[in-house]
Amino acid sequence: MTFWAIIPVKPLRLGKSRLAGSISDIERIDLNKKLLVHTITTLTGISEIEQVLVISRDSDAISIARELGAKTVQENGSPQLNSALTRATIFAQLHSIKGVLILPADLPLITNGDICSFINKASDPPVVVIAPDRRGEGTNALLISPAGIIDYDFGPNSFKRHCERAISAGARLEVINIPSLAFDLDIPEDLTLFQELDQTK
């Protein structure tokens, strides 16, 4: 059995709204598209990931995902993130999967190798593998094996809550600090740092 990766995607015109003062709306939409493409293509190149599943209410994001070979679940209205992820997980569980990897589409530095290192920590389930953000507050990657052993609790300071849920469920907790997984584009300072890193390549 292998893993499914689930990518929740906000409407492309709304994503990264806190960057609105730093770049134009067109640039922000283009950035969101590039981030989504990068995330999907990175995940589809990993043998341990059988399927990538994008869940969104944005038809453009859904079209991009399908063009790249991902499965999709199109939401209606304004779904809450945690309940949307729960629905996507239930869909994934209809297949023979070892677990699910929840990964947002705003990690511009992720590589196949780093994701593989993250997944490799999921041996000997039940296990919950978590990568916090650079501030140690948010959850930037979450792998749950078997799927469904903890409820999702994304939102401010979710890292601590996910750790607590894993311990309460009796799962082995693995906290992984990988720079590419810790770096998300959230605020203008993040964008500036990313642009500086991109120029040094």
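Look above for the structure.
Residues numbered from 1 in each chain as written. Predicted model: local features only at pLDDT ≥ 70, side-chain atom pairs only at ≥ 80, totals over all residues. Heavy atoms only, no water.

## With respect to the pattern of salt bridges
Selection rule: In the sections that follow, a salt bridge refers to a side-chain nitrogen of Lys or Arg positioned within 4 Å of a carboxyl oxygen of Asp or Glu. Under the DSSP-based scheme used, a helix requires at least four consecutive residues in state H or I and a strand at least two consecutive residues in state E, with every element numbered from the N terminus. Think of it in three bands: residues with accessible area under 20% of the maximum for their type are buried, residues over 50% are exposed, and the middle band is partly exposed, with areas taken using a 1.4 Å probe on protein chains only.
In the structure shown here, the tally under the stated rule is seven salt bridges. We note a salt bridge from aspartate 25 to arginine 28, for which the minimum N-O separation is 3.2 Å. Residue aspartate 25 and its partner arginine 28 are located together in helix H1 (residues 25-44), separated by three residues, close to a single helical turn. A relative accessible area of 48% places aspartate 25 in the partly exposed class. Across the pair arginine 165 and aspartate 151 runs a salt bridge whose closest N-O atoms are separated by 4.0 Å. On the criterion of sequence distance, the pair formed by arginine 165 in helix H5 (residues 158-168) and aspartate 151 in the loop between strand S6 (139-145) and H5 is long-range, its members being 14 residues apart. Overall, the relative accessible area of 31% leaves arginine 165 in the partly exposed class. For aspartate 151, a relative accessible area of 52% gives the class exposed. Via salt bridges that share partners, Asp151, Asp153, Arg161 and Arg165 belong to a single interconnected network.

## Let's talk about the sheet that holds S6
The cut-off we apply is this: When DSSP finds at least two bridges between two strands, those strands are taken to pair. Orientation is described by axes fitted as lines to C-alpha atoms, over the contacting stretch for helices, and by angles from 0 to 180 degrees between their N-to-C directions.
Taken in spatial order, the seven strands make up an open sheet running S3-S2-S1-S4-S6-S5-S7, and their pairing is mixed. With partners counted over all chains shown, the strands left at the sheet margins are strand S3 (71-74) and strand S7 (172-175), one partner each. Strand-to-strand, the axes of this sheet are offset by a mean angle of 20 degrees, without reference to chain direction. Examined bridge by bridge, strand S5 (residues 127-132) and S6 share six bridges and lie antiparallel to one another.

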